[in-house]
Amino acid sequence: MRRREFIAGLGSAAAWPLTARAQQAAVPVIGFLFSQSSAGDSSFTVELLQSLKETGFVEGQNLAVEYRYAENQLDRLPALAADLVRRRVAVLVTPSLDFHGV
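Here the structure is a predicted model, which is why all the values come from computation and not from measurement.

(A) Expanded view of the packing of aromatic side chains. Taken as a whole, this structure holds five aromatic pairs when the rule is applied. When the ring of F32 is compared with that of F34, the centres are 5.8 Å apart and the planes differ by 5°; the resulting orientation is stacked. The burial state of F32 is the same as that of F34; both residues are buried. What makes F32 buried here is its relative accessible area of 0%. Aromatic ring contacts, followed pair by pair, group F32, F34, F44, Y67 and Y69 into a single cluster.

Put into structure tokens, the structure is as follows:
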């Protein structure tokens, strides 16, 4: 009997990490979609990520962020957006264009 109990206990112990990992909450992913290059998003992105940090969401800890840039080629936006949707982002952020008072 002892041998069976030992083997059963060993099997349960081996399965425990898999069960624990499956029960962990998934990290939310935010997708950023920009029409310009990565050089143009710095202030907007920094401000948004700082606001999220103040509410407890920190990139790389409990928040993942995906960035996509169209490099001023607007025809690339649909494919980039589709890529983020396939990634199953929780939120898709698309900063509006600034027309400087127009």
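(B) Region of the structure containing the environment of F57. Secondary-structure assignment places F57 in the loop between helix 2 (42–54) and strand 2 (64–69). For F57, a relative accessible area of 35% gives the class partly exposed. Expressed as a C-alpha distance, the spacing of F57 and P28, which sit 29 residues apart in the sequence, is 9.3 Å. The contact partners of F57, leaving out residues within four places of it in the chain, are P28, L52, N62 and L63.

(C) Broad picture of the environment of E59. Relative to the helices and strands, E59 resides in the loop between helix 2 and strand 2. With 31 residues separating them along the chain, E59 and P28 place their C-alpha atoms 9.9 Å apart. Sequence-distant contacts of E59, that is, excluding residues within four places in its chain, are made with L49, V65 and Y67.

Conventions we followed
Residues numbered from 1 in each chain as written. Predicted model: local features only at pLDDT ≥ 70, side-chain atom pairs only at ≥ 80, totals over all residues. Heavy atoms only, no water. Phe/Tyr/Trp six-rings, centres within 6.5 Å; stacked < 30°, edge-to-face > 60°. Buried < 20%, exposed > 50% of the residue type's maximum accessible area, 1.4 Å probe, protein only. Helix = DSSP H or I, 4+ residues; strand = E, 2+ residues; numbered from the N terminus. Contact = heavy atoms within 4.5 Å.

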